[in-house]
Amino acid sequence: MQKNDTDLIYSNPHSQVKDFTFDAQVVEVFPDMISRSVPGYNTIIDTIGRLSQKYVQDNSTVYDLGCSLGAATLAMRRAITASDAKIIGIDNSQAMVERCQMHVAAFKGNTPVEIFNDNIENVDIKNASMIVLNFTLQFIENDKRQALINKIYQGLKPGGLLVLSEKIAHQNDQTNELLIDLHHDFKRANGYSELEIAQKRTALENVMRPDSLEDHVERLSKAGFINVSQWFQCFNFLSIVAFKGAK
Ligand SMILES: Nc1ncnc2c1ncn2[C@@H]1O[C@H](C[S@+](CC[C@H]([NH3+])C(=O)[O-])CC(=O)[O-])[C@@H](O)[C@H]1O
Ligand SMILES: O=C(O)C(=O)Cc1ccccc1
């Protein structure tokens, strides 16, 4: 039986497929959509929690940029043991922020959490020991990405950690097509039809622009990050850790 939180957004033919937006309809089905669409999503969320236990420093701020419904924020709130830390989640979708605030309020935790509706390109980042960009940078205009990564680097304390997860475009066309095919197989195995896969792909075409792993590494290094390492990849989805050197 299908529950009403099942993602059926692209299950019927759309006469014209509109650009994908994080609106109220997407919010309703988002947990189902992301777990059936992003291979390794739950592993990445769990690992962000584990990393927060290791790297969040006392008296510091943790940022979850493009927090959606707060999955990473909640994983970190459960795991952080540092004292006087706080988590700030930011998303520019009003619908996401409202639902995220409900999720945060539904659970208790020792680390305070604040969720704001804002564009991450415009927010101040300071005194951060850990910053999460979990599948958000891919929605930022390409020519704005370096400035955002530079700002993140500047806002980190020495020894601070950035976790960057992204869908990528492989530099080699043959491998790129293979990874896209394997991702579509993953979606089929999770119950999405050919129509759903094709319409979602069209909807994302103008709004999600994946970079290559090499582009990400170069951008992070240019900003000043050290020990830039990929710790996860499944098909065309990967996650990177990058550090600001100690003083
Ligand atoms: N400029 C922007 N400013 C703020 N938010 C933005 C911006 N652009 C996009 N967003 C927000 O970034 C989120 C991307 S989803 C992140 C999943 C989450 N991190 C998770 O761990 O579950 C990834 C995905 O759906 O593929 C959406 O909520 C957008 O509204
Ligand atoms: O569905 C896809 O093809 C994706 O790339 C992942 C995704 C998941 C949720 C919203 C937008 C994109």
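Above this note sits the structure.
Because the structure is predicted, anything quoted here is derived from the model rather than measured.

A. Highlighting the site of ligand 2. The environment of ligand 2 is made up of Phe-20, Met-33, Ser-37, Val-38, Lys-167, His-183, Lys-187, Lys-200, Leu-204, Met-208 and Phe-237. Contact distances for ligand 2 include 2.8 Å between an oxygen atom and a side-chain N or O atom of Lys-167. A distance of 2.7 Å is found between an oxygen atom of ligand 2 and a side-chain nitrogen or oxygen belonging to Lys-200. Its free accessible area being 320 Å², ligand 2 has 94% of it covered by the protein chains. Taken together, the elements giving at least two residues each to the shell around ligand 2 come down to α1 (24-37), α6 (173-189) and α7 (194-205). Looking at side-chain class alone, the shell around ligand 2 contains six nonpolar, two polar and three charged residues.

B. Structural detail: the pattern of salt bridges. What the rule picks out here adds up to seven salt bridges. The partner of Glu-141 in a salt bridge is Lys-144, with the nearest N and O atoms 4.0 Å apart. Between Arg-188 and Glu-194 there is a salt bridge whose closest N-O contact spans 2.5 Å.

The rules we used
Residues numbered from 1 in each chain as written. Chains lettered and ligands numbered in written order. Predicted model: local features only at pLDDT ≥ 70, side-chain atom pairs only at ≥ 80, totals over all residues. Heavy atoms only, no water. Near = heavy atom within 4 Å. Polar contact = N/O pair within 3.5 Å; in protein donor to acceptor, adjacent residues only side chain to side chain. Areas by Shrake-Rupley, 256 points an atom, 1.4 Å probe, with all protein chains shown as cover. Helix = DSSP H or I, 4+ residues; strand = E, 2+ residues; numbered from the N terminus. Nonpolar A, V, L, I, M, F, W, Y, C, P; charged D, E, K, R; others polar. Salt bridge = Lys/Arg side-chain N within 4 Å of Asp/Glu carboxyl O.

From the geometry alone we can't say anything about function, so treat these as descriptive.
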